[in-house]
Amino acid sequence: MPRSKSVPRKQPNDEPRRGDRSKTTANNSSSSNTEANTSAGEQHSRARSRLRRSRSSESHVQPPPTSVDRGGRRTASANPPRRLLPSTREMIKLQNTTTLLIPKLSISRVIREVMHEFGDFRVTIDALEALHESTEMYLVDLFERAQMCATHRNRVTLQPKDMKLALYLGGQ
């Protein structure tokens, strides 16, 4: 790249300019002036080489992000994967688990209370587990249908009218 004519090249025996940062005093000899000027010249050349390196790295084109398909081949993906919201991450985690979400003690209290209304019955542990699992499955299904109703109305928040519609559509 050619140098512009408006900026003259510095010679080692030139006196420092007003804007130079080299530290020279009137007491220094001419040899110290040349040392200060050469160090300023070296600093200038180092800065220019750094600038050239940074410009050359900017011109390097980054390859598009890649992903691996089913066959193990790398493919270019147009959009990198997006970061999930904490609520979405929690929902995915809960969908992947097989454990029951409602605590055993609280569901057993509700079951015993309902059974006490019909009479004085005793309940085995296996019967409690079966009722627990079927109750939770029913509630999860009901909430799924209610969430679909809310999504159909372009809403994110679940409202009581969505639950009523889900119960109505589910045949309950």
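Coordinates for the structure precede this section.
Residues numbered from 1 in each chain as written. Predicted model: local features only at pLDDT ≥ 70, side-chain atom pairs only at ≥ 80, totals over all residues. Heavy atoms only, no water.

Draft legend 1. Main features of the pattern of salt bridges. The tally for this structure, following the rule as stated, stands at three salt bridges. The salt bridge involving R145 is made with D141; its shortest N-O contact spans 3.2 Å. Highlighted residues: R145 and D141, both in helix α4 (residues 125-152), separated by four residues, approximately one helical turn. D162 is paired through a salt bridge with R153; the nearest N and O atoms lie 3.6 Å apart. Within the structure, one salt-bridge network assembled from shared partners comprises R153, R155 and D162. (Salt bridge = Lys/Arg side-chain N within 4 Å of Asp/Glu carboxyl O. Helix = DSSP H or I, 4+ residues; strand = E, 2+ residues; numbered from the N terminus.)

Draft legend 2. Spotlight on the packing of α4 against helix α5 (residues 160-169). α5 packs onto α4 with a crossing angle of 115° between their chain directions and a minimal axis gap of 8 Å. Taken together, the axes of α4 and α5 lie roughly perpendicular to each other. The crossing of α4 and α5 is right-handed. Contacts between α4 and α5 involve Y138, L142, F143, R145, A146, C149 and A150 from the former and D162, M163, L165, A166, L167 and L169 from the latter. Grouping the amino acids of the contact of α4 with α5 by side-chain chemistry returns eleven nonpolar, no polar and two charged. (Axes fitted to C-alpha atoms, helices over the stretch in contact; angles between N-to-C directions. Parallel < 35°, antiparallel > 145°, perpendicular 65-115°, else oblique. Left-handed = near helix turned anticlockwise from the far one by under 90°. Contact = heavy atoms within 4.5 Å. Nonpolar A, V, L, I, M, F, W, Y, C, P; charged D, E, K, R; others polar.)

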